[in-house]
Amino acid sequence: MLRNNLNSNKQTTLQKIHIDGWLLCGLLMLMGVGLAVIYSAGGQDIDLIKRQLIRLAFAILVMIVVAQIPPLAYRRLSIHFYVIGIAMLVAVLVVGTIGKGAQRWLDLGFMRFQPSEIMKLAVPMMVAWYISRFNLPPRFRHTFMAFVLVIVPTLLIAKQPDLGTSLLIASSGIFVIFLAGLSWKLVFGFISVVSAFAPVMWFFLMQDYQKQRVLTFLNPETDPLGSGYHIIQSQIAIGSGGLQGKGFLQGTQSQLEFLPERHTDFIFSVFSEEFGLFGILALLTLYLFIIIRGMIISMRTQEAYSKLLAGSITLTFFVYVFVNMGMVSGILPVVGVPLPLISYGGTSMVTLLAGFGILMAISTQKRLMLRE
Amino acid sequence: MPPNRITIKDHTAEANLFARRSIIALVIVSVLLGILISNLYYLQVTRFNDYQTRSNGNRIKVLPVAPNRGLIYDRNGVLLAENRPIFSLELIPEQIDDLDETLSKLKTLLGVNEQNLEHFNRELKSKRRFKPVSLINRMTQEQVAKFSVNQHHFIGVSVEARLKRFYRYADALTHLVGYVAKINKRDLQKLAESGEEANYAATYDIGKQGVEKYHEKRLHGQVGYQEVEVNSRGRIIRTLKFEPPIPGQDIILNIDINLQLKVQEALADKRGSVVVLDPKSGGVLALFSNPSYDPNLFVHGISNKEYNYLLNSKDKPLINRATQGQYPPASTVKPALALIGLDEEVITEASRVFDSGTYKLKNVAHTWRDWYRWGHGWVNVTHAIEISCDIFFYDLSYRLGIDSISDGMAKFGFGEYTGIDLYEESDGNMPSRGWKRARHNQPWYIGDTISVGIGQGYWTSTPLQLALSVSALVNRGKNHVPQIIRGHKTNNGDVIYPTKDSMPIIIKNNKNWDVVLDAMYGVVNRPRGGAYKAFRNTHYVSAGKTGTAQLVAIAEDEKYDAEKIAAHHRDNAMYVGFAPYENPELVISVALENAGGGGSNAAPIARQIMDYYFPKPEEPEHVAK
């Protein structure tokens, strides 16, 4: 129905305000699930729900505003965002505020701000802008430059240290290069380089607490009450949920507080415990729906910059989901990545929905662009 | 950017490239999702049971619930040992951040004394960090109130109410009923050895002495369980299942508390003991050792000072003299010796011995003397028992020889544990050739036999053994094992246990019983008898035998201390008796340390007790049983 409307000249209200109905529907459903799980994980604290609702409302507002801006404007502003972002990352390392053992925040006087959030969008924009200037697939020279554009902010963020975010930012940039037609030789070459780079990371770049996380990931039972506690309790929560789950508000691991970080990073464990494998499959279907919708938007777009950016935003969203679920279920080390649209928390939610705003702008404004 | 760059782009090729890459990306997404789902399948389906068990292990804790200890009643249903609620202040070290600060704050609030603190520190070292340690054992109402108001300042500190044993008759029953006290390491070890550890998981106290110890199994009961759901901090959220404990049995003793109190009153401040048995059943009607002490002291953890006082007192209050005191039986065993003599036919009812006051053996330099310096002249067996003639029994023992005496007296229970339901018992010593060889590595001399003939020399026995030997006489050989426990209470009334019979004494001529019992009658009822004065004008007919032991010995584990012995040099006064003479209802044994002659010191005590037990019909306040 929506599609028919898209093809006709008649525009629905949603299209007038540049909102993609399918995406909005999927996002709202996930947010609804998120609120329910936060209610359960937070010990039925209604204030927690209120605060999250305010954040969600603000994030949706940001998304709608972002959706109004034509993609061409983003393309033009890409380099500005990127440069400002890099400058702020450097500033963070020099004068940043330390919180939770990492130097991630920039105190602007009236608010604290995390510049790495800007880079989540600035990096794919910049790389897409750079690479779409040339004929695709890119030449080696251009590919190399694109990688430099990715690696610089990645290292700056990894240095804070914020492994989760640097990982997401690196992927968002690499997705652009991949979708632009990165040669397979380079793909495999890149994989070899990363494998070779791993020991370097281990010995020179990773902090002790990060190394501990990796060791714990490899065998959590070595320290069941210390660093392995989180993952063990999380696996118990997920495993004991079984096929059908223990029922809403009935998860003993979460309700009796055996599970740490219940309403933030480990919210998927709460969900798994209470709704079981069936619930998880339903949840994954929702996520997959959004991802497929994102890829459809990207494929339908004619213009290369928008195409690449839309694809990257969508695939990065998947990386969020995969890394979070992977880490709480024990197939990835614990890096602080929240479950998108479900986990309690503010900053990343706003960035995420801003990304969807760009996706919607691309989806609904392609006609305007073609006309240009 | 220059617009001409766009025009030279091949849009179709780019679109195809992009489409291919998008599809590859979606394939990779699917593969990763597949990995994710298969891992979740592994966790939630393959290993579901494992994780469900661990999840339940996290939240479900099984807490043992202590059974209420059985109560102890006397034969008439009077409560002797009960359980009373006690409030104690307990600290869980694990939950307290700064123990020193908490202790000093509690000190100012409640006034914890040094003794409590010392006790606390001692216990702190021996207990696991998450187990509660008590700081104040018995809180006053004021302390409870003060703490309750300030409770929120003290995390990890709580007031616990629990039932504690209380002995309302205090020192009157100490050696008999015993007491319970906190389970210590040695108790734990024993419980572990007997596989009873789980049953005591929630129990604080265990029987340490007396009936409380001997009948621990009956009194303790069966532990119960509470299955609770806890959160990650160990707080109990709700109870899932409750299996109530089975309380211990309420037991009934053969003791008559009024008689016991009468015994205590009769002994007053005299060091010694009294045993009163029912010869028909072996039931222990009263058993008292003087001096005694308050068992309630031990229930709440006795202080070092108090304990040392009890331990080092020269009067040895900790010893149960009635069952652990080993005294020369002296003349109280003459009736039993006479019976063996008659039965072995070394004497007859009519055979006589001339008592000149001294006794000599061929080739032996020693001269044995009668207690009556001038001698009693010609005496037969009845006469000899009544006046407690020593010469007659020197001669009798010489004729019998140590082997016959040893074997015969062993049948009366001398040198053997009586089998009473108390662990605090000594077996005394019935000497024999073999015993002397083993103990002193010496042969048995004929002179040793002569001393044994008047219940002295190597011969020692407990007052309980004496009472039991008299019981054997009055029962004409068919005796019972002495028992303190009588039965237990159930919802359908009392269950009374059958008596335990001991090995009967079989003699050739049953008429000999009558000879000996008649002589004991004479001791009390014929003017020349040794207890005639003490029992003049009783309205019941009793019989008995006096004894005066010339040695000082109280307990097997007492060290020989010459200075103290010098101060305690007087004779032990002994008396055994029974009443009524026809169809006896009680047998009594009195042993007084360093009190002098048995007839004038021990017999009057026995009389006081019998007077109480057989009240005159016109005295309505002592209703006969």
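Residues numbered from 1 in each chain as written. Chains lettered and ligands numbered in written order. Predicted model: local features only at pLDDT ≥ 70, side-chain atom pairs only at ≥ 80, totals over all residues. Heavy atoms only, no water.

## Thoughts on the overall build of chain B
Of the regular secondary structure elements, chain B holds 23 helices and 23 strands. Whereas a compact globule of 625 residues would reach a radius of gyration of roughly 25 Å, chain B reaches 37 Å, over 25% beyond that. Here chain B holds 625 residues, and the buried ones make up 50% of them. Counting contacts in chain B only where the partners sit at least 6 residues apart, residues at least 24 apart contribute 72% of the total. Surface exposure of chain B reaches about 30000 Å², of which carbon and sulfur atoms provide 51%. Positive and negative charge centroids in chain B, built from 75 and 69 side chains respectively, lie 4 Å apart. (Helix = DSSP H or I, 4+ residues; strand = E, 2+ residues; numbered from the N terminus. Rg over C-alpha atoms; globule rule 2.2 N^0.38 Å. Buried < 20%, exposed > 50% of the residue type's maximum accessible area, 1.4 Å probe, protein only. Contact = heavy atoms within 4.5 Å. Areas by Shrake-Rupley, 256 points an atom, 1.4 Å probe, with all protein chains shown as cover. Lys, Arg positive; Asp, Glu negative; His and termini not counted. Charge placed at Lys NZ, Arg CZ, Asp CG, Glu CD.)

## Some thoughts on the overall build of chain A
Of the regular secondary structure elements, chain A holds 16 helices and three strands. Radius of gyration (C-alpha) of chain A: 21 Å, near the 21 Å computed for a compact globule of 372 residues. Its C-alpha atoms put chain A at 60 × 50 × 45 Å along the principal axes. Counting over 372 residues, chain A shows a buried share of 55%. The long-range share in chain A, meaning contacts at least 24 apart out of those at least 6 apart in sequence, stands at 71%. Within the structure as shown, chain A displays about 15800 Å² of accessible surface, and the carbon and sulfur contribution to it stands at 68%.

## A word on the confidence of the model for chain B
Residue and element names in this part refer to chain B. Across chain B, pLDDT averages 89, with 94% of residues at or above 70. Across chain B, element-level confidence peaks in strand β12 (residues 251-253) with a mean pLDDT of 97 and bottoms out in helix α1 (residues 4-7) with 46. Between residues 1-7, whose pLDDT stays under 50, and residues either more than four places distant or in other chains, the model counts six contacts. This model gives residues 552-563 a pLDDT under 50, and the stretch forms 23 contacts once residues within four places in sequence are excluded. (pLDDT = per-residue confidence, 0-100.)

## With respect to the environment of B:I246
Residues and elements named next belong to chain B. Here I246 is to be found in strand β11 (residues 246-247). On the accessibility criterion, I246 (53% relative accessible area) is exposed. Once the C-alpha coordinates of I246 and A66 are considered, the two residues, 180 residues apart in sequence, prove to be 8.8 Å apart. Residues in contact with I246, not counting those within four places in the same chain, are P67, G221 and Q222.

## So, the domain arrangement of chain A
Accessible area lost during the coming together of the parts is what is often quoted as the interface size. Residue and element names in this part refer to chain A. Taken as a whole, chain A is organised into domain 1 (25-68 + 220-372) and domain 2 (75-206). Here the C-alpha centroids of domain 1 and domain 2 sit 22 Å apart. With both sides pooled, the region where domain 1 packs onto domain 2 buries about 1900 Å², and carbon together with sulfur makes up 78% of that total. The interface formed by domain 1 and domain 2 holds one salt bridge in total. Ionic pairing is found between R75 and E303, a salt bridge with its closest N-O pair at 2.5 Å. Along the contact surface separating domain 1 from domain 2 lie five residue pairs in polar contact (both at pLDDT 80 or more). At the level of secondary structure, the elements contributing two or more residues to the side of domain 1 that touches domain 2 comprise α14 (304-329) and α15 (347-364). Per-element accounting of the side of domain 1 that touches domain 2 gives the leading share, 12 residues, to α14. (Domains from an automatic or database assignment. Buried area = accessible area lost by both parts, 1.4 Å probe. Salt bridge = Lys/Arg side-chain N within 4 Å of Asp/Glu carboxyl O. Polar contact = N/O pair within 3.5 Å; in protein donor to acceptor, adjacent residues only side chain to side chain.)

## Describing the domain arrangement of chain B
On domain assignment, one finds that chain B holds domain 1 (4-46), domain 2 (62-253) and domain 3 (257-605). Placing the centre of domain 1 of chain B and that of domain 3 of chain B at their C-alpha centroids yields a distance of 105 Å.

## Comments concerning helix α10 (residues 208-218) of chain A
Helical periodicity: at 3.6 residues per turn, an α-helix aligns residues three or four positions apart in one direction. Of all the residues in α10(A), the buried ones are A:Q210, A:K211 and A:T216. Here the buried face of α10(A) lies against α8 (163-179), α9 (184-205) and α11 (229-241) of chain A.

## Let's talk about empty space enclosed by the protein
All names here are of chain A. Summed over all chains, the structure comprises six cavities of 30 Å³ or more. Space inside the largest cavity adds up to approximately 170 Å³. Lining the largest cavity are 15 residues, with K120, L121, I313, T316 and Y320 positioned closest to its centre. Going through the elements one at a time, α6 (115-132), α8, α14 and α15 are the ones with two or more residues in the lining of the largest cavity. The element contributing the most residues to the lining of the largest cavity is α14, with five residues. (1 Å grid on protein atoms, 1.4 Å probe; cavity = no way out; pocket = protein on both sides within 12 Å on 5 of 7 lines; lining within 4 Å. Points joined across faces, edges and corners; volume = space filled by probe spheres on them.)

## A short note on the sheet that holds strand β1 (residues 60-65) of chain B
Residues and elements named next belong to chain B. Read across the open sheet, the three strands follow the order β1-β9-β10; overall the sheet is antiparallel. Only two strands of the sheet have a single partner each, and these edge strands are β1 and β10 (236-243). Taken over all neighbouring pairs, the strand axes of this sheet differ in orientation by 30° on average, direction set aside. Judged from the six bridges that link them, β1 and strand β9 (residues 224-230) form a sheet pairing that is antiparallel. By the bridge assignment for β9, L63 is matched with Q226. Here helix α3 (residues 48-59) sits on the sheet and contacts β1, β9 and β10; the angle it forms with β1, its principal contact strand, is near 45°. (Pairing = 2+ DSSP bridges. Axes fitted to C-alpha atoms, helices over the stretch in contact; angles between N-to-C directions.)

## Describing the packing of α14(A) against helix α2 (residues 11-46) of chain B
Contact geometry of α14(A) with α2(B) gives a least axis separation of 11 Å together with a crossing angle of 10°. With respect to α2(B), the element α14(A) is oriented roughly parallel. From α14(A), A:A304, A:K307, A:L308, A:L315, A:F318, A:F322, A:M325, A:G326 and A:S329 reach across to α2(B), where they touch B:E14, B:A15, B:F18, B:A25, B:V29, B:L32, B:L33, B:L36, B:N39, B:L40 and B:L43. Within the contact of α14(A) with α2(B), the residues separate by chemical class into 15 nonpolar, three polar and two charged. (Parallel < 35°, antiparallel > 145°, perpendicular 65-115°, else oblique. Nonpolar A, V, L, I, M, F, W, Y, C, P; charged D, E, K, R; others polar.)

## Digging into the pattern of salt bridges
As enumerated under the stated definition, the model contains 36 salt bridges over all chains in all. The closest approach of N and O atoms between A:K246 and A:E273, which form a salt bridge, is 2.7 Å. On the criterion of sequence distance, the pair formed by A:K246 in the loop between α11 and α12 (252-255) and A:E273 in helix α13 (residues 267-300) is long-range, its members being 27 residues apart. Looking at A:K246, the relative accessible area reads 26%, which means it is partly exposed. You can call A:E273 buried: its relative accessible area is 0%. Note that B:D187 and B:K208 form a salt bridge whose closest N and O atoms lie 2.5 Å from each other. Note that B:D187 is positioned in helix α8 (residues 185-193) and B:K208 in the loop between β7 (205-207) and α9 (210-214), a separation of 21 residues in sequence. Judged by relative accessible area, B:D187 falls into the buried class, the value being 13%. Among the charged side chains, a salt-bridge network with shared partners connects B:R69, B:R165, B:E212 and B:E216.

## Thoughts on the side chain of A:T351
Residue and element names in this part refer to chain A. Within the secondary structure, T351 sits in helix α15. T351 gets classed as buried once you look at its relative accessible area, which sits at 10%. If near-sequence neighbours (up to four positions away) are discounted, T351 is found in contact with E117, K120 and L121.

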